[in-house]
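Take a look at the letters that make up each chain.
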Amino acid sequence: MNSVNDVTRCLHRPDVSRQGYASLAVSVERASTIPFPSGEAYAQRKQRGPDGYSYGLAGTPTTRVLEAQIAALEGADRAVLTPSGLSAVTLAMLACLRPGDRVLIPDTVYPPVRDFASGHLGPFGVTVAYYDPTLGAGINALMDDRTRLVWVESPGSSTFEVQDLPAIASAAHVRGALVGCDNSWATPLFHKPLRLGADLVVEALTKFISGHSDVLMGSIAAHDPAIHDRIRATAKTLGIGVSPDDCALVLRGIETLPVRLARSASTGAELMEFLAARPEIETILHPSRPDAVGGCFWSRDFRGAPGVFGATFRQPYADRITPALAALRLFAIGASWGGTRSLVAPMPIAPFRTATRWQGSEPVLRISAGLEDPEDLLADLEAFLRALHAAPSSQELATGEPAMVADAERRRLK
Ligand SMILES: Cc1ncc(COP(=O)(O)O)c(C=O)c1O
């Protein structure tokens, strides 16, 4: 392009050779506009199909690599990417449900899904019913002819009950309903819901799969091309797409997913062991624990368990959790989990239960074991537990009266 002026030259990059070039790194292909070689090709762009390239919103080669990577890990044919884990759940539900339909959702579902169900599904004419996550084949009793979707989240958010997915899927399929499963905790490395009867599987790629607390993304994978097409068409209608830069971050995260998961699992096991022996602790909530709700389904259906778990506390310590978190130096306090850094968050439970009653104490302290040295994390938890003996509870602050902690226990902790 010798005959143009510099202003134009600034906009038209010279071609360079790619011969001999290769890289092990993920290449980032960004685009909104995808230029066509001719007016005729542009007019016929729909013929390229949903997996072809015609506009950046529907994906670039970087997007396609991540879609294919997720599909391969899930044992699915194809996958759709969404801008967050929550949007993967809501898109899956929107694609499967129509006015007049009914959806069954486990009582232990990720709480923002409840807001979506009451704020959007309900007003759009979908009936939402919550069910006890310990129901297996018994879910049949809750199904009716309008039930088009049974949602599963296994283990459940914050309280970690494992569901009998194969039994639920069989019961749902007999009645002609689809089954969707949120698999964010286990990731496809530890659990493959599509092999156990789910029709679609959702991952919050934000968590372990991207793994560095710096990107938000979700995925939906399905076997059946008709289900996949419905999800992709719904995403297109809603204008949902993801950034190729973020896809590259997720692809990079996936390369280390097996080692990060293994490390989180072993560190988590150490932290759980330590906490379970402490007098302040009421229960440890994790599918691998001997008293886990649905633990037999975890042993049967899962290949491992990452170190994300809940802990409930006896009184007066349960009331003191929030101020005592100030003693933590290594654990960050915040939402999400599955990153390189260990994380804690106190989670209220009872306000998000409508089909069952939460019997444990509140809040559940959700702990996500990261990649730090476990010894340092144990020391950090030790400092937190010590602070539980010092921090006044909200009730104590209100009444001005300190709760009694047994002297012997105080001495033991010094
Ligand atoms: C089980 C589960 N599913 C989905 C999500 C939503 O993921 P995101 O934060 O990417 O929206 C979360 C977030 O904590 C979650 O715990």
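What you see is a predicted model, and the numbers here were worked out from it, not measured in a lab.

Novice: Is there a simple way to explain the layout of surface pockets in this structure?
Specialist: Summary: where empty space remains is shown by rolling a probe the size of a single water molecule over the atoms. Of the voids in this model, the largest pocket is the one considered here, and its volume is about 530 Å³. In this structure, the largest pocket is lined by 22 residues; those nearest its centre are Gly49, Pro50, Ser54, Ala58 and Lys236. Mapped by element, the contributors of at least two residues to the lining of the largest pocket are helix 3 (61-74), strand 1 (78-82) and helix 8 (225-238). Each residue belonging to the lining of the largest pocket can be placed in one class, and the counts come to ten nonpolar, seven polar and five charged. Here the second largest pocket is characterised by a volume of approximately 400 Å³. Lining the second largest pocket are 27 residues; nearest its centre among them are Tyr110, Ser157, Ala204, Lys207 and Trp337. Contributions of two or more residues to the lining of the second largest pocket are made by helix 4 (85-96) and strand 6 (200-204). Counted by class, the lining of the second largest pocket contains 13 nonpolar, nine polar and five charged residues. Looking at the lining of the second largest pocket, you find at least three residues from each of domain 1 (39-254) and domain 2 (257-413).

Novice: Any chance you could explain a negative patch on the surface here in plain terms?
Specialist: Among the surface-exposed residues, Glu270, Asp373, Glu375 and Asp376 lie close enough to one another that they form a single negatively charged patch. Within the element layout of this structure, Asp376 appears in helix 13 (residues 374-390).

Novice: Which parts of the structure should I look at to understand the state of the cysteines?
Specialist: A disulfide bridge is the covalent bond that connects two cysteines by way of their sulfur atoms. On inspection of all chains with the given rule, the structure shows zero disulfides. Note on Cys96: no disulfide assigned, nearest cysteine sulfur contributed by Cys181 at a separation of 13 Å. We classify Cys181 as buried; its relative accessible area is 0%.

Novice: Can you walk me through the nonpolar core in this structure?
Specialist: Side chains of nonpolar character tend, in soluble globular proteins, to be buried together. By size, the foremost hydrophobic cluster in this structure holds 54 residues, and its most contacted members are Leu66, Val150, Val179, Trp185, Leu205, Met217 and Val250. Counting residues per element, this core draws most heavily on helix 6 (residues 165-174), which supplies five residues. The residues that make up this core include at least three from each of domain 1 (39-254) and domain 2 (257-413). Trp185 has contacts with Pro155, Phe160, Phe208, His286, Pro287, Trp298, Phe302, Gly304, Ala305, Pro306, Val308 and Trp337, leaving out every residue within four places of it along the chain. If you look at the next biggest cluster of nonpolar residues, it comprises 28 residues, including Val80, Met93, Val202 and Ile220.

Novice: I keep staring at the sheet that holds strand 10 (residues 332-333) and nothing clicks. Help me out?
Specialist: Backbone-to-backbone hydrogen bonds join strands into a sheet, with any given pair of strands oriented parallel or antiparallel. If you trace the five strands from one edge of the open sheet to the other, you get 8-9-12-11-10, paired in mixed fashion. A single partner strand is all that each edge strand has here, and the edge strands are strand 8 (281-285) and strand 10. For strand 10 and strand 11 (residues 343-347), the ladder comprises two bridges, and the chain directions are parallel. Looking at the pairing, Ala332 lines up with Leu343 of strand 11.

Novice: I keep staring at the side chain of Glu372 and nothing clicks. Help me out?
Specialist: Relative to the elements of secondary structure, Glu372 occurs in the loop between strand 12 (364-368) and helix 13. A polar atom in the side chain of Glu372 sits 2.7 Å from the side chain of Ser342. Filtering out sequence-adjacent residues up to four positions away, Glu372 remains in contact with Arg263, Leu330, Thr340, Arg341, Ser342 and Leu377.

Novice: Would you mind showing me how to read the sheet that holds strand 2 (residues 102-106) here?
Specialist: Read across the open sheet, the seven strands follow the order 1-7-6-5-4-2-3; overall the sheet is mixed. Two strands in the sheet have a free side with no partner beyond their single neighbour: strand 1 and strand 3 (127-131). Taking each pair of neighbouring strands and ignoring which way they run, the sheet shows an average axis angle of 20 degrees. The sheet contact formed by strand 6 and strand 7 (residues 218-222) spans five bridges and is antiparallel. Residue pairing across strands places Val202 opposite Ile220, the latter belonging to strand 7. Sheet strands in contact with helix 5 (residues 112-121) are strand 2 and strand 3, and its direction is about 155 degrees off that of strand 3. The strands touched by helix 8 within the sheet are strand 1, strand 5 (178-182), strand 6 and strand 7, with strand 1 carrying the most contacts at an inclination of about 20 degrees.

Criteria and cut-off values
- Along every chain, residues carry numbers that run from 1 in the direction the sequence is written.
- For a predicted model such as this one, the threshold for reporting local features is a pLDDT of at least 70, and the threshold for listing and counting side-chain atom pairs is 80 or more; totals across whole chains, interfaces and linings nevertheless cover every residue.
- Note: side-chain values were computed over all heavy atoms of the structure, leaving out hydrogens and water.
- Grid spacing is 1 Å over the protein atoms alone, the probe is 1.4 Å, and a cavity is where that probe fits but cannot get out, while a pocket is an open set with protein on both sides within 12 Å along at least five of seven lines and lining residues have an atom within 4 Å of a point.
- Grid points are joined across faces, edges and corners, and a volume is the space filled by probe spheres set on the points.
- The secondary structure listing takes helices from DSSP runs of H or I that are at least 4 residues long and strands from runs of E that are at least 2 residues long, numbered from the N terminus.
- In this count, Pro and Cys sit with the nonpolar residues alongside Ala, Val, Leu, Ile, Met, Phe, Trp and Tyr, while Asp, Glu, Lys and Arg are called charged and the others, Gly among them, polar.
- The domain boundaries here were taken from an automatic or database domain assignment.
- Patch membership requires more than 30% relative accessible area and the absence of a salt bridge. Residues of like charge join within 9 Å; the nonpolar side chains Val, Leu, Ile, Met, Phe, Trp and Tyr join within 5 Å.
- Shrake-Rupley sampling with a 1.4 Å probe provides the accessible areas, and residues are treated as covered by the protein chains on show and by no other component.
- We define a salt bridge as a side-chain nitrogen of Lys or Arg found within 4 Å of a carboxyl oxygen belonging to Asp or Glu.
- In this tally Asp and Glu are treated as negative and Lys and Arg as positive; neither His nor the chain ends contributes.
- By convention, the point assigned to a charge is CZ for Arg, NZ for Lys, CD for Glu and CG for Asp.
- The disulfide criterion used throughout: a pair of cysteine sulfur atoms within 2.5 Å.
- Each residue gets one of three labels from its accessible area relative to the maximum for its type: buried under 20%, exposed over 50%, partly exposed in between, using a 1.4 Å probe on protein chains only.
- In these notes, a set of buried Ala, Val, Leu, Ile, Met, Phe, Trp, Tyr and Cys residues joined through side-chain atoms within 4.5 Å is what counts as a nonpolar core.
- Here, two residues are considered to be in contact whenever any of their heavy atoms come within 4.5 Å of each other.
- In short, DSSP must find at least two bridges between two strands for them to pair.
- What qualifies as a polar contact is a pair of N or O atoms within 3.5 Å, subject to a donor-acceptor requirement within protein and to the restriction that residues adjacent in sequence count only when both atoms come from side chains.
- All axes here are fitted lines through C-alpha atoms, helices being fitted over the stretch that makes contact, and every angle between N-to-C directions spans 0 to 180 degrees.

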